[in-house]
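Listed below, chain by chain, are the residues.
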Amino acid sequence: MIQTPDADFDVTNIIQTDECSPLTTNGADLDLMLGKDYGALKDIVINANPSLPPLSLLVLHSLLCERYKILSAVHTHSSVKSVPENLLKCFGEQTKKQPRHEYQLGFTLIWKDVPKPQMKFSIQTMCPIEGEGNIARFLFSLLGQKYNAVTSTLIDSWVDTAIFQLKEGSSKEKGAVLRSMNAALGKTPWLVGNELTVADIVAWCALQQTDSANAAPANVQKWMKSCENLAPFTSVMKLLK
Amino acid sequence: MHQQKGIWSTGGFRRIMRGPRFIKSRETKTPQLKYGVSSMIQSQEKPDRVLIRIKDLTVEKADEVVWVRGRIHTSRAKGKQCFLVLRQQQFNIQALVAVGQHASKQMVKFAANINKESIVDVEGVVRKAHQKIGGCTQQDVELHVQRIYVISLAEPRLPLQLDDAVRPEVEGEEDGRATVNQDTRLDNRVIDLRTSTSQAIFCLQSGICQLFRETLIHKGFVEIQTPKIISAASEGGANVFTVSYFKSSAYLAQSPQLYKQMCICADFEKVFCIGPVFRAEDSNTHRHLTEFVGLDIEMAFNYHYHEVVDEIADTLVQIFKGLQERFQTEIQTVNKQFPCEPFKFLEPTLRLEYREAVAMLREAGVEMGDEEDLRYLGSTKMCQSLVKVVYDTDFYILDKYPLAVRPFYTMPDPVNPKNSNSYDMFMRGEEILSGAQRIHDPQLLTERAQHHGIDLEKIKAYIDSFRFGAPPHAGGGIGLERVTMLYLGLHNVRQTSMFPRDPKRLTP
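Bear in mind the structure is a predicted one, so any value in this text is a computation, not a measurement.

Residues and numbers for the overall build of chain B, please.
Helix and strand counts for chain B stand at 13 helices and 18 strands. C-alpha extents for chain B along the principal axes are approximately 90 × 55 × 40 Å. When the 508 residues of chain B are sorted by exposure, 51% land in the buried category. Pairs at least 24 residues apart make up 68% of the contacts formed inside chain B by residues separated by at least 6 positions.

Below is the structure:
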């Protein structure tokens, strides 16, 4: 039985019988997800403050690079005096040997004096999306995995918990989250079900940016090691050193 | 009476200008006079006197006696006192002449009646001000005058009032306070340039030149000088000035293009030049001049013209950073009269492909063909607002323009023959640089010239320079006045040209 203060029903059994649909591999999906192709590179632009780097977005960037041909760029905005070297190189060495339009997607990170991370999109006119959690959900959705309603809601819920209670919450809240995580991770290898989701990514990054990483309970520690063993997490590991 | 020689002699009397405001004093005949019109400075002597800059009169100098030279900005008599504002370039200070130990009634009257803009030498005590003097740059101190002499008298009626010239233009003036229109300013440019705004604009412009030079020299470029009297029109026959040249005629250079390239073929590798450019374009717009200062760059590269684009973009970014760091006072001064958003940019510079701009515009509802020139559609401003919304930058590059809209010497794209290896750079939505990889192969150059219907005889010397081994090279040039105007968010290039030239103006 999952103990959540506001739970209306028990979803334990539903989750365990859930299966997510297999990943599809062609770029045509991007058009479906991102809108009409006007014949030019679709660029995802993220503005973030160098004093609070949004680590989960960097992990998601690595994940996206495994799946699509991505043109990555890092810029410094004139509103910021200087940015540490490791943040300027957070995408590693980029080989920009091909013309822009031969990439499937652009990922442009701008270090700027902003209160919260925000995302804008070059082709479609839309309001900027703010907040690391929201941007993380969007980026993860580009991978094309589909979940049923219950699972996706649980994932969303963990993302919010990670951002608002684990990363930004009081020490009491942090303690409570760690206990819930420990309980969930006792039943499944990942926070939601048997596969890595954006919930794990955001939660792991939030933990790195609090002091509680070392004091985490046993299942959480084990799960942290599993995350660290995955390739997309290595760029962030390097940053944290 | 014994005629006193030297700077305070009465000899200067005879050359005094007539005018109702100047008062002669009976006391000028006595030695050790504390006020008056001095004789013209003809380098008669070398007095042992240090003149302090008004900018340096601060609370730290309180109670010191100093000598200052400045202009009478305003004067106001009030009974036994006269308040003056003395101005020196961007700085001004309140000065007080009061009947008392140092000044007589006649001296106060004299001071109150000196014509505005006259240059005066003043000796006074620096005193801390009881309250901040809001109308002056030196707000914490005022000068209590002990001696005042007119060094150079101004005529009584000024063609324009400096206070009007710095007033911001406001829609729907409440009390109808005057501003000065552009033609009046330009006709009386010497006086208009004295305003704090003009002083700031041209100090900043000087900074742009200096930063351009510093950055390029640091990058290993060599500064060159190119001829301006030339035998053939470089950019096309239409917009060129002809000059008589002994028994025949010659042209004024429309750009240093030919010579920059020849320097590359002469193995100078990385060159830049700063010099006048002449365009006989009969355009009366906010951004065209017939003569302007060109800042040009040309560079040999190894394998890809992006090596050059990156260097040019970085040079401009270093200029923007330098202005941000070292010229804040000037930027704020200009903003007081002409408010605008500060200039924003990214490092490294944002570079989009031309087709992306076309896609953005189409998505926003503009109908255009793949090979149409953005500029002719008036779409550059719209493009800027789209780029600004997404990337929040006032400076960016568009790469890979269609070949059809570029000059004949532009290198075509290796993969898509409809495109070219050319680029434009934009500030606040207006184009400031047009550049490209140049064709360095004489055969291809000849073909492209023929395709454009250019008379090969006229460009024979140009094509010849590539016949004996020419490195692949690219470059571009910017206009100093236009860059200054756009950086400061001003709206007319005549504001940033000291003595502008356009189809209707040849003086001052």
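The structure having been displayed, the exposition proceeds.
Before we move on, can you summarise the confidence of the model for chain A with the specific residues and values?
The share of residues in chain A with pLDDT of 70 or more is 80%, and the mean pLDDT across the chain is 82. Confidence over residues 15-25 of chain A falls short of pLDDT 50; this stretch has 13 contacts with residues more than four positions distant or in other chains.

How would you explain the sheet that holds strand β17 (residues 430-437) of chain B if you had to name every residue and give the values?
All names here are of chain B. Strand order in this open sheet of eight strands is β7-β11-β12-β18-β17-β16-β15-β14, and the pairing throughout is mixed. In this open sheet, the two strands that pair with only one neighbour each are β7 (222-223) and β14 (350-353). Where strand β16 (residues 422-427) lies against β17, six bridges are found, and the strand directions are antiparallel. By the bridge assignment for β17, Met425 is matched with Leu433.

Can you lay out the sheet that holds strand β10 (residues 248-252) of chain B for me, pointing to particular residues and giving the numbers?
All names here are of chain B. In space, the three strands of this open sheet follow the order β8-β10-β9, with antiparallel pairing throughout. Looking at strand neighbours, the two that pair on one side only are β8 (229-230) and β9 (242-245), the edges of this open sheet. Pairing of β9 with β10 involves four bridges; the strand directions are antiparallel. When the sheet's bridge partners are listed, Val243 is paired in β10 with Ala250.

An account of empty space enclosed by the protein is requested, with residue identities and associated values reported.
All names here are of chain B. As enumerated under the stated definition, the model contains four cavities of 30 Å³ or more in all. Counted as a void, the second largest cavity has a volume near 60 Å³. Listing elements by their share of the lining of the second largest cavity, those giving two or more residues are β2 (65-78) and α2 (162-165).

Quick one: what's the story with the packing of aromatic side chains, residue by residue and with numbers?
Geometry of an aromatic ring pair is reported as the spacing of the ring centres plus the angle between the planes. All names here are of chain B. What the rule picks out here adds up to 18 aromatic pairs over all chains. Here Phe212 and Phe272 contribute two aromatic rings whose centre-to-centre distance is 5.7 Å and whose plane-to-plane angle is 85°, an arrangement assigned as edge-to-face. Residue Phe212 is found in helix α5 (residues 196-218), and its partner Phe272 is found in strand β11 (residues 270-278); the two are separated by 60 residues along the sequence. Like Phe272, Phe212 is buried. Between Phe343 and Tyr487, the aromatic rings sit 5.2 Å apart at their centres with planes inclined by 40°, giving tilted as the arrangement. Of this pair, Phe343 sits in the loop between α8 (328-337) and β13 (346-347) while Tyr487 is found in helix α13 (residues 480-487), placing the two residues 144 residues apart along the sequence. Phe343 gets classed as buried once you look at its relative accessible area, which sits at 6%. Residue class for Tyr487 comes out buried when judged on its relative accessible area of 7%.

Before we move on, could you go through the nonpolar core and cite the residues and values that matter?
If you look at the biggest cluster of nonpolar residues, it comprises 65 residues, and the most contacted ones within it are Leu139(A), Met181(A) and Trp223(A). Ranked by residue count, the leading element in this core is helix α8 (residues 198-208) of chain A, at nine residues. The contact partners of Trp223(A), leaving out residues within four places of it in the chain, are Met181(A), Leu185(A), Pro189(A), Trp190(A), Leu191(A), Asp200(A), Ala203(A), Trp204(A) and Leu207(A). Of all hydrophobic cores here, the second largest spans 52 residues; its members include Leu295(B), Phe343(B), Met427(B) and Val493(B).

Pulling in residues and values, what's your account of helix α6 (residues 257-265) of chain B?
All names here are of chain B. Counting buried residues along α6, seven of its nine residues qualify, which places the element largely inside the surrounding structure. Within the sequence span of α6, burial applies to Gln257, Leu258, Lys260, Gln261, Cys263, Ile264 and Cys265. Those residues of α6 hidden inside the fold are in contact with β11, β12 (291-300), α12 (460-464) and β18 (473-479). Phi turns positive one or two residues past the end of α6, at Asp267, with a value near 70°.

Break down the pattern of salt bridges for me, citing the residues and quoting the values.
By the definition in use, this model includes 37 salt bridges over all chains. The salt bridge involving Asp392(B) is made with Lys112(A); its shortest N-O contact spans 2.6 Å. Placement of Asp392(B) in the loop between α10 (380-391) and β15 (395-399) and of Lys112(A) in the loop between β3 (105-111) and β4 (118-121) is noted, with the two residues assigned to different chains. In this structure Lys112(A) comes out as buried when scored by relative accessible area, which is 9%. Between Asp424(B) and Arg406(B) there is a salt bridge whose closest N-O contact spans 2.9 Å. Here Arg406(B) lies in the loop between β15 and β16 and Asp424(B) lies in strand β16, a separation of 18 residues in the sequence.

Rules of the game
Residues numbered from 1 in each chain as written. Chains lettered and ligands numbered in written order. Predicted model: local features only at pLDDT ≥ 70, side-chain atom pairs only at ≥ 80, totals over all residues. Heavy atoms only, no water. Helix = DSSP H or I, 4+ residues; strand = E, 2+ residues; numbered from the N terminus. Buried < 20%, exposed > 50% of the residue type's maximum accessible area, 1.4 Å probe, protein only. Contact = heavy atoms within 4.5 Å. pLDDT = per-residue confidence, 0-100. Pairing = 2+ DSSP bridges. 1 Å grid on protein atoms, 1.4 Å probe; cavity = no way out; pocket = protein on both sides within 12 Å on 5 of 7 lines; lining within 4 Å. Points joined across faces, edges and corners; volume = space filled by probe spheres on them. Phe/Tyr/Trp six-rings, centres within 6.5 Å; stacked < 30°, edge-to-face > 60°. Core = buried A, V, L, I, M, F, W, Y, C linked by side-chain atoms within 4.5 Å. Salt bridge = Lys/Arg side-chain N within 4 Å of Asp/Glu carboxyl O.

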